[in-house]
Amino acid sequence: MIYLPIVLLAVGALLIWGGRKQDQTKANCLRKQALNWCQQSFDLLLLLQKRRGMMGSLLSGDKQFAQPLDELNRELDLLLQQLSRSGLKVSSSDGTGSTPEILIAQRFETPAESFQAHSATIENLLDQIWSVAERFQLATHHDRAYRKRSIQALRVLPALVELLGQMRGLSTQTASQGRCSAAMRLRLVYLSDQVMQNLSRGDYPREAAEQFILRVEQQILSMDRIQVPAAELFSQATEAIESYSGHTRQLLRQLA
């Protein structure tokens, strides 16, 4: 009988250990699901940014974006189907109705209306990504290095990419119109300043962003009559965006 308490303690310890192990396994599984959802949502964000830029130029009279926009809408449909099959329960809206599904079904009369609606939807998506990062302990992980990578991948870099995406949308729209209003100049100058400030929050190459900003300054902000083709600006901005989105994907692979 003297061994009975020892045996009971050992069994109790094993049960506690087993329970904690099971909880840890479940947490790791949920974390991987969350990372996969964040990756797909980030891909969705990139497509919505492209759609915003193309739509703005198309509504400004540049018909060359009509076919690429149709192809992009098909990509969006496929990605939204993938996200709908995710086992992760995530709120799809902030209460304003700014969801990708609603956005795609909308019809816009002006570039400004389109830009505002796309930007609101993207902002909502950015908030969702960060909410998932916090909820599934990606941004509050016990490991400091893991937390740092999470913050860079799921908050800092997406914010930087969105600033560049807004610059792409507005600059290509302006190029399609052939002129840059005073209000548009102020917005582009503000966005370029914000891009450089965000770059300082991480150790990333500045060249891609700086080259695009320089081109906007030289061929949009400094010109009375804009002659640079909208497609060229769109392409260069996309290269810059892909440079920083590549860093996000790399960090997400490390987190997995």
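None of these values were measured; they are calculated from a predicted model. (Residues numbered from 1 in each chain as written. Predicted model: local features only at pLDDT ≥ 70, side-chain atom pairs only at ≥ 80, totals over all residues. Heavy atoms only, no water.)

**Section: the overall build of the protein**
Scanning the protein from N- to C-terminus turns up eight helices and zero strands. Every one of the 256 residues in the protein was classed for burial, and the buried ones make up 46%. For the protein, restricting intrachain contacts to residue pairs at least 6 apart in sequence, the fraction spanning at least 24 positions comes to 77%. About 13,800 Å² of surface is accessible on the protein, with carbon and sulfur atoms providing 53% of the total. (Helix = DSSP H or I, 4+ residues; strand = E, 2+ residues; numbered from the N terminus. Buried < 20%, exposed > 50% of the residue type's maximum accessible area, 1.4 Å probe, protein only. Contact = heavy atoms within 4.5 Å. Areas by Shrake-Rupley, 256 points an atom, 1.4 Å probe, with all protein chains shown as cover.)

**Describing helix H6 (residues 182-199)**
Between its terminal C-alpha atoms H6 stretches 26 Å, which fits the 26 Å expected from 18 residues at 1.5 Å a residue. Along H6, the residues that are buried comprise Met 184, Leu 188, Leu 191, Ser 192, Gln 194, Val 195, Asn 198 and Leu 199. All buried residues of H6 fall inside an arc of 165 degrees around its axis, so they share one side. For H6, exposure combined with an orientation more than 90 degrees from the buried face picks out Ala 182, Ala 183 and Leu 186. In this structure, the buried residues of H6 make contact with helix H5 (144-177), helix H7 (207-221) and helix H8 (230-255). (Expected span 1.5 Å × (residues − 1). Arc of directions from axis to C-beta.)

**Thoughts on the pattern of salt bridges**
Any two side chains of opposite charge can pair, so long as their charged atoms come close to each other. Evaluation of the coordinates by the stated rule reveals four salt bridges. In this structure, Arg 249 and Asp 43 form a salt bridge, with 3.0 Å as the shortest nitrogen-oxygen distance. Of this pair, Arg 249 sits in helix H8 while Asp 43 sits in helix H1 (residues 4-59), and the two are 206 residues apart along the sequence. Looking at Asp 43, the relative accessible area reads 22%, which means it is partly exposed. (Salt bridge = Lys/Arg side-chain N within 4 Å of Asp/Glu carboxyl O.)

**Quick look at the environment of Pro 111**
Along the chain, the position of Pro 111 falls in helix H4 (residues 111-135). In the structure, Pro 111 is positioned 55 residues away from Gly 56 in sequence and 4.6 Å away in space, judged by C-alpha atoms. If we ignore the near neighbours within four places in the chain, the residues touching Pro 111 are Gly 56, Leu 59, Ser 60, Gln 173 and Gln 177.

**Observations concerning unusual backbone geometry**
Positive phi, close to 60 degrees, is recorded for Gln 137, a residue that is not glycine. Within the element layout of this structure, Gln 137 appears in the loop between H4 and H5.

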